[in-house]
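For reference, the chains in residue letters:
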Amino acid sequence: MRIHLIAVGQRMPAWVEQGYQEYAKRMNVECQVQMVELAAGKRGKGMDVERAMRDEGKRMQQAIPKGALVIALDLRGKPWDTQELSTQMRDWFSMGRDVALLIGGPEGLADECYQLAERKWSLSRLTLPHPMVRILVAEQLYRAWSILKNHPYHR
């Protein structure tokens with residue numbers, strides 16, 4: 001199974017890439033995590049934010065692998081604790097589908113992407129910096145996987 005983190009935003013600082021890679025590389029062949037970075041829509045003075053979000057949404061939809069289970073990371077989603085995430089991950093394995101985790105841009109996900117999602121996951125009620133979300137998700141995926149494999153990391 002592959003888990004595709006499809007995220008708006010490119011050219012992250014080195015510490016973000018290092019943090020993400022630290023956990024992504026720990027996953028084995030059975031469950032691989034892959035980052036897909038998408039360019040953010042143009043924003044600035046006089047720019048249409050809604051248009052930028054629609055453009056991001058179109059690119060995000062094109063990046064979703066065919067047949068993948070789509071999960072939106074969004075404040076309106078259901079909060080999962082680590083144990084619930086490991087249960088979700090076990091369900092993903094049993095489905096035999098890849099998983100696409102959608103991470104929106106500064107204003108969140110385009111409505112089309114949110115509606116497309118079969119599940120919605122809230123990492124926190126806090127507003128988190130988008131670079132931090134990548135590391136947090138990768139670490140939690142590794143932790144959930146370690147629970148499923150009875151690996152000591154979670155303890």
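Given the structure is predicted, the values throughout are model-derived calculations rather than measurements.

Chemist: Describe the overall build of the protein, and please don't skip the residues or the numbers.
Modeler: Of regular secondary structure, the protein possesses five helices and five strands. Secondary structure of the protein in N-to-C order comes out as β-α-β-α-β-α-β-α-β-α. Taking 155 residues into account, the globule formula puts the C-alpha radius of gyration at 15 Å, and the protein, at 15 Å, falls close to it. Each principal axis of the C-alpha distribution contributes one length, and for the protein these read about 55 × 30 × 30 Å.

Chemist: Kindly report on helix α5 (residues 130-148), identifying the contributing residues and their values.
Modeler: Over its 19 residues, α5 extends 27 Å from the first C-alpha to the last, a length consistent with the 27 Å expected when each residue adds 1.5 Å. The buried count for α5 comes to 14 of 19 residues, which makes it a mostly enclosed element.

Chemist: Tell me about the pattern of salt bridges, residues and numbers included.
Modeler: Side chains that differ in sign of charge can pair as their charged atoms come close. The tally for this structure, following the rule as stated, stands at eight salt bridges. Glu30 is the salt-bridge partner of Lys149, the closest N and O atoms lying 2.9 Å from each other. Here the residue Lys149 occupies a position in the segment after α5, and Glu30 occupies one in the loop between α1 (14-24) and β2 (32-38), the gap between them amounting to 119 residues. When the shortest N-O distance is used, the salt bridge between Arg134 and Glu37 registers 2.6 Å. Here Glu37 lies in strand β2 and Arg134 lies in helix α5, a separation of 97 residues in the sequence. Of the residues examined, Arg134 reaches a relative accessible area of 2% and is grouped as buried. A single salt-bridge network, built from bridges that share partners, covers Glu22, Lys25 and Arg26.

Chemist: Go over the packing of α1 against α5, please, and point to the residues and values.
Modeler: Packing of α1 against α5 brings their axes to within 8 Å, and their N-to-C directions diverge by 10 degrees. The orientation of α1 with respect to α5, classified from their angle, is roughly parallel. Contacts from Trp15, Val16, Gly19, Tyr20 and Tyr23 of α1 reach α5 at Pro131, Met132, Arg134, Ile135, Ala138, Glu139 and Tyr142. Class assignment of the residues belonging to the contact of α1 with α5 gives a composition of nine nonpolar, one polar and two charged.

Chemist: Talk me through the sheet that holds strand β1 (residues 2-8); I want residue IDs and the actual numbers.
Modeler: With parallel pairing, five strands are arranged side by side in an open sheet as β2-β1-β4-β3-β5. A single partner strand is all that each edge strand has here, and the edge strands are β2 and β5 (119-122). Between one strand and the next, the sheet's axes are offset by a mean angle of 30 degrees, whatever the strand orientation. Both β1 and strand β4 (residues 99-103) contribute to a ladder of five bridges, which runs parallel. Bridge pairing in β4 places Leu5 opposite Leu101.

Quick notes on the rules
- Residues numbered from 1 in each chain as written.
- Predicted model: local features only at pLDDT ≥ 70, side-chain atom pairs only at ≥ 80, totals over all residues.
- Heavy atoms only, no water.
- Helix = DSSP H or I, 4+ residues; strand = E, 2+ residues; numbered from the N terminus.
- Rg over C-alpha atoms; globule rule 2.2 N^0.38 Å.
- Expected span 1.5 Å × (residues − 1).
- Buried < 20%, exposed > 50% of the residue type's maximum accessible area, 1.4 Å probe, protein only.
- Salt bridge = Lys/Arg side-chain N within 4 Å of Asp/Glu carboxyl O.
- Axes fitted to C-alpha atoms, helices over the stretch in contact; angles between N-to-C directions.
- Parallel < 35°, antiparallel > 145°, perpendicular 65-115°, else oblique.
- Contact = heavy atoms within 4.5 Å.
- Nonpolar A, V, L, I, M, F, W, Y, C, P; charged D, E, K, R; others polar.
- Pairing = 2+ DSSP bridges.

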